Protein chains: 2
Amino acid sequence: MSSSKLLKGSLATIVMRLLEEQEKMYGYEITQKVKELTAGEFKITEGALYPTLHKLEAEGFLTTETQKVDNRVRKYYSLTREGNAEAKSKVAELEAFLVQLQKVLNPKPSLG
Amino acid sequence: MSSSKLLKGSLATIVMRLLEEQEKMYGYEITQKVKELTAGEFKITEGALYPTLHKLEAEGFLTTETQKVDNRVRKYYSLTREGNAEAKSKVAELEAFLVQLQKVLNPKPSLG
DNA sequence: TTCTTATGCATAAGAAAATTATGTATGTTT
DNA sequence: AAACATACATAATTTTCTTATGCATAAGAA
């Protein structure tokens, strides 16, 4: 992600969240989708994305199938059943984290 | 931070945000304040905090003064003038980041 | 009175997760 | 022909944590 070094550790969650929305996606497509959703603010680098995808696959959360389109190979990723559960879990964890973070960034002024 | 490995990269921002609210704080106090604000959800470890404080000081964003209280030394940190500007900048950057992150986590369903 | 917990600082080794650089290959646009 | 886009992948390095360790004082529990 180029938008600074923020949120290291959330890339896997982002990927799985996108795969909840869309049955199957390939790596390059993911980078473009994130770029599109954030109006160019997040730029996922391949050096971060591919190792993440490989790890999630190794953990059994994603499966792959390759397709050849216009003579170029695309490797499509989909959530497995466990991946689906993990996606919900990771997203919930991230959202809970964001709630707490807001409390630190915008603490309620003490009453009285 | 113990609440998982999320949000690496935001600790410096959190520290500076707290110092915007409170003139001067010492390390241990910062860990307790964050714990308090997040109802125990974030636990900042010393191994993360002290190097961060030292780095911010080296960069000229924080100054220190030590005080002895009950025979124990406290090292108080305060924002410098540049630190004040940097704090605003870092917080704004993090908040902008969170806005974009929300767009990825909760994309608006396509119309039509 | 001894052990544990709390307060308070600090550093070092290791792990996790990025960035940056590089490599291969094809297709499209200038 | 050169540049840019599509599409994958890996390696070296950097950043930023976690975990472990160390020192020291104070307070509370056993």
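Please refer to the structure higher up on the page.
Counting from 1, residues in each chain are numbered in the order their sequence is written. Chains carry letters from A onward and ligands carry numbers from 1 onward, assigned in written order. Per-residue local features are limited, in this predicted model, to residues with pLDDT of at least 70; the limit for side-chain atom pairs, both in listing and counting, is 80 or more; totals at the level of whole chains, interfaces and linings are taken over all residues. In computing side-chain values, all of the structure's heavy atoms are included and hydrogens and water are not.

### What about the packing of helix α1 (residues 11-21) of chain A against helix α2 (residues 27-37) of chain A?
All names here are of chain A.
Phase 1: The N-to-C vectors of α1 and α2 enclose an angle of 90 degrees; their axes lie 11 Å apart at closest approach. On the basis of the axis angle, α1 is roughly perpendicular to α2. Residues I14, V15 and L18 of α1 form the contact with α2, whose own contacting residues are I30, K33, V34 and L37.
Phase 2: Of the residues in the contact of α1 with α2, the class split is six nonpolar, no polar and one charged. Working convention: axes come from line fits to C-alpha atoms, limited for helices to the stretch in contact. Angles between N-to-C directions cover 0 to 180 degrees. Only DSSP runs of H or I with at least four residues qualify as helices, and only runs of E with at least two residues qualify as strands; both kinds are numbered from the N terminus onward. Here the word oblique covers every angle except those under 35 degrees (roughly parallel), over 145 (roughly antiparallel) and from 65 to 115 (roughly perpendicular). When checking whether two residues touch, look at their non-hydrogen atoms; a contact exists if any pair is within 4.5 Å. Under the grouping applied here, Gly and all other residues not named as nonpolar or charged are polar, the nonpolar ones being Ala, Val, Leu, Ile, Met, Phe, Trp, Tyr, Cys and Pro and the charged ones Asp, Glu, Lys and Arg.

### Some remarks on the sheet that holds strand β1 (residues 24-26) of chain A
All names here are of chain A.
Phase 1: For two strands to be treated as a pair, DSSP must find no fewer than two bridges joining them. Strand order across the open sheet formed by three strands is β1-β3-β2, with antiparallel pairing between neighbours. Edge positions in the open sheet fall to β1 and β2 (62-69), since each of these has one partner strand only. Across this sheet, the average inter-strand angle for adjacent strands is 35 degrees, counted without regard to direction.
Phase 2: Here eight bridges tie β2 to strand β3 (residues 72-79), and the two strands are oriented antiparallel to one another. Across the sheet, residue K68 finds its bridge partner in β3, namely V73.
Phase 3: Along the sheet face, α1 touches β1, β2 and β3 and points at about 90 degrees away from the line of β3.

### A few points about unusual backbone geometry
All names here are of chain B.
Phase 1: Even without glycine at this site, A39 takes up a positive phi of about 50 degrees.
Phase 2: Its place among the elements puts A39 in the loop between α2 (27-37) and α3 (46-58).
Phase 3: Although it is not a glycine, D70 adopts a positive phi angle of roughly 55 degrees.
Phase 4: Inspection of the secondary structure assignment puts D70 in the loop between β2 (62-69) and β3 (72-79).

### Quick word on the pattern of salt bridges
Phase 1: Definition used for salt bridges: Asp or Glu carboxyl oxygen within 4 Å of a side-chain nitrogen of Lys or Arg. Taken as a whole and judged by the stated rule, the model has eleven salt bridges over all chains.
Phase 2: In this structure, R17 of chain A engages E20 of chain A in a salt bridge whose closest nitrogen and oxygen atoms are separated by 3.3 Å. Taken as a pair, R17 of chain A and E20 of chain A lie in helix α1 at a separation of three residues, close to a single helical turn.
Phase 3: Accessible area is worked out with a 1.4 Å probe on protein chains only. A residue is then buried under 20% of its type maximum, exposed over 50%, and partly exposed in between. Residue E20 of chain A is classed as partly exposed on the basis of its relative accessible area, which comes to 30%.
Phase 4: Across the pair E65 of chain B and K24 of chain B runs a salt bridge whose closest N-O atoms are separated by 2.7 Å. Here the residue E65 of chain B occupies a position in strand β2, and K24 of chain B occupies one in strand β1 (residues 24-26), the gap between them amounting to 41 residues.
Phase 5: Judged by relative accessible area, E65 of chain B falls into the partly exposed class, the value being 36%.
Phase 6: Classification of K24 of chain B as partly exposed rests on a relative accessible area of 28%.

### Quick word on the environment of R74 of chain B
All names here are of chain B.
Phase 1: Relative to the helices and strands, R74 is located in strand β3.
Phase 2: A relative accessible area of 25% means that R74 is categorised as partly exposed.
Phase 3: A C-alpha to C-alpha distance of 6.2 Å links R74 and Y26, two positions 48 residues apart in sequence.
Phase 4: Apart from the residues within four sequence positions on either side, R74 is in contact with Y26, E65, T66, Q67 and V69.
Phase 5: Polar contacts involving the side chain of R74 include one to the side chain of Y26, which spans 3.3 Å. In protein, a polar contact means a hydrogen-donor-capable atom and an acceptor-capable atom, both N or O and within 3.5 Å, with residues adjacent in sequence counting only if both atoms are side-chain atoms; elsewhere, any N or O pair within 3.5 Å suffices.

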